[in-house]
Amino acid sequence: MINISNWLLRLAVLYLIAGIGLGLFMASSKDHSMMPVHAHLNLLGWVTLTLFGLFYRVVPAAAATLLARLHFWIYVPANFLQMLLLGLLYRGVAAVEPALGAVSMLVGVAIVLFAIVVWRHTPAAA
Ligand code: HEM
Ligand code: HEM
C-alpha cells in the first residue's frame, strides 16, 4: 500500500516546478495567455496537494481509510488530466472542453471526499 502523504507531497513539488516553469516563461515572453493554467498548476497542484499531504501526515489515521484512498486515486489522475486538457484549451484546442468539464467534476468529487475525511477525523471534542 502506498504512503498517500508522501506521494501527495512528492507530486506537489512536481506541480510547483511545472507551475513556476510556466510562470517564468510567461514573465519572460510577456505572453500571459496561459495564466489560468499557471494559476491552477500552482493552486490545484502545488498548494492543494501539499495541504492534502500535510493533513494526512498530521492525521495518519485518516490516511489509512478507504475514503482517503478513493480521494487520492480520483484526485491525482483527474487533476493531471485536467491540467493537460486546460493547457490544450488555452492553446486553442476547443474540442477538449467536454472532457475538461468531466475531469473537473471528478476533481470536485474528490474534494468532497476529502472534506468528508477531514470532518470525520477532526472531532469537535478532541
Ligand atoms: C517564479 C515564480 C512565478 C512567476 C515568474 C510567476 C509569474 C506569473 C505571471 C507572469 C502571471 C500573470 C500576471 C498577469 O497577467 O496579470 C502570474 C499570475 C498568477 N500566478 Fe504566478 N508566478 C510565479 C509563481 C506563482 C506561485 C508559486 C503561485 C501560487 C502558489 C502563483 C499564482 C499565480 C496566480 C493565482 C496568478 C493569477 C493572478 C490573477 O488572477 O490576476 N504564481 N504569475
Ligand atoms: C475543479 C476545480 C476548479 C475549477 C473547475 C476552476 C475553474 C476556474 C475558472 C473557470 C476560472 C476563470 C479562468 C479565467 O477565464 O480567467 C478560475 C480562476 C481562478 N481560480 Fe479556479 N477552479 C478550480 C479550483 C480552484 C482552486 C482550488 C483554487 C485555489 C486554491 C482556484 C483559484 C483560482 C484563481 C486564483 C483564479 C483566478 C486566476 C485566473 O484567472 O486564472 N481555483 N478557476
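Residues numbered from 1 in each chain as written. Chains lettered and ligands numbered in written order. Predicted model: local features only at pLDDT ≥ 70, side-chain atom pairs only at ≥ 80, totals over all residues. Heavy atoms only, no water.

### Considerations on unusual backbone geometry
Here is the rule we go by: Accessibility here uses a 1.4 Å probe with only protein chains present; expressed as a share of the type maximum, an area under 20% marks a residue as buried, one over 50% as exposed, and anything in between as partly exposed.
The phi angle at Lys30 is positive, at roughly 60 degrees, despite the residue not being glycine. Relative accessible area serves as the criterion here: at 70%, Lys30 is assigned to the exposed category.

### Brief notes about the site of ligand 1
In plain terms, the rule: Note on terminology: near, applied to a residue and a molecule or strand, indicates that one of the residue's heavy atoms is within 4 Å of it. By the criterion applied in these results, polar contacts are pairs of N or O atoms within 3.5 Å in which, for protein atoms, one can donate a hydrogen and the other can accept it, and in which residues neighboring in sequence qualify only through two side-chain atoms. We count a stretch as a helix when DSSP gives it H or I for four or more residues in a row; a strand needs E for two or more, and each element gets its number in order from the N terminus. All amino acids are sorted into three groups, where Ala, Val, Leu, Ile, Met, Phe, Trp, Tyr, Cys and Pro are nonpolar, Asp, Glu, Lys and Arg are charged, and the leftover types, Gly among them, are polar.
In the vicinity of ligand 1, the contacting residues are Ile20, Gly23, Leu24, Met26, Ala27, His32, Met35, His38, Ala39, Asn42, Leu43 and Val47. At 2.6 Å from an oxygen atom of ligand 1 is found a side-chain nitrogen or oxygen belonging to His32. Between ligand 1 and the protein, one listed contact pairs a nitrogen atom with a side-chain N or O atom of Asn42 at 3.4 Å. Looking at the shell around ligand 1, the elements that each hand over two or more residues are α1 (4–29) and α2 (35–58). In terms of residue count, the dominant contributor to the shell around ligand 1 is α2 (six residues). For the shell around ligand 1, the class distribution of residues is eight nonpolar, four polar and no charged.

### Quick look at the coordination of the iron atom of ligand 1
Using the following cut-off: Donors, by definition, are the N, O and S atoms found within 2.8 Å of a metal, the threshold being 3.2 Å for Na, K and Ca, and water is not counted, so a site can look incomplete.
Donor atoms from the protein around the iron atom of ligand 1 number only one, His38 (NE2), found at 2.0 Å. For His38, the location among the structural elements is in helix α2.

### Some remarks on helix α4 (residues 66–90)
Note the following rule: Expected helix span is given by 1.5 Å per residue-to-residue step, counting one fewer step than there are residues.
Its 25 residues place the ends of α4 36 Å apart at the C-alpha level, agreeing with the 36 Å of an ideal helix rising 1.5 Å per residue. Just downstream of α4, Gly92 is the residue with a positive phi angle, here 100 degrees.

### Observations concerning a nonpolar patch on the surface
Convention followed: Only residues whose relative accessible area exceeds 30% and that form no salt bridge are eligible for patches; like-charged ones are grouped when within 9 Å, while nonpolar side chains (Val, Leu, Ile, Met, Phe, Trp, Tyr) are grouped when within 5 Å. What sets the accessible areas is the Shrake-Rupley method with a 1.4 Å probe; for residues, cover comes only from the shown protein chains. The rule for a salt bridge is simple: a side-chain nitrogen of Lys or Arg has to be within 4 Å of a carboxyl oxygen of Asp or Glu.
A cluster of nonpolar side chains, Leu43, Val47, Leu51 and Leu54, forms an exposed patch at the surface whose accessible area comes to about 340 Å². The exposure class of Leu54 is partly exposed, given its relative accessible area of 42%.

### Observations concerning the coordination of the iron atom of ligand 2
Exactly one donor from the protein chain reaches the iron atom of ligand 2: His40 (NE2), at 2.1 Å. As for its placement among the helices and strands, His40 is situated in helix α2.

### Considering the site of ligand 2
Surveying the vicinity of ligand 2 reveals the residues Met35, Pro36, Ala39, His40, Leu43, Leu44, Gln82, Tyr90, Ser104 and Val107. The contact in question runs from a nitrogen atom of ligand 2 to an N or O atom on the side chain of His40, over 2.9 Å. Mapped by element, the contributors of at least two residues to the shell around ligand 2 are α2, α4 and α5 (97–120). The element that contributes the greatest number of residues to the shell around ligand 2 is α2, accounting for six residues.

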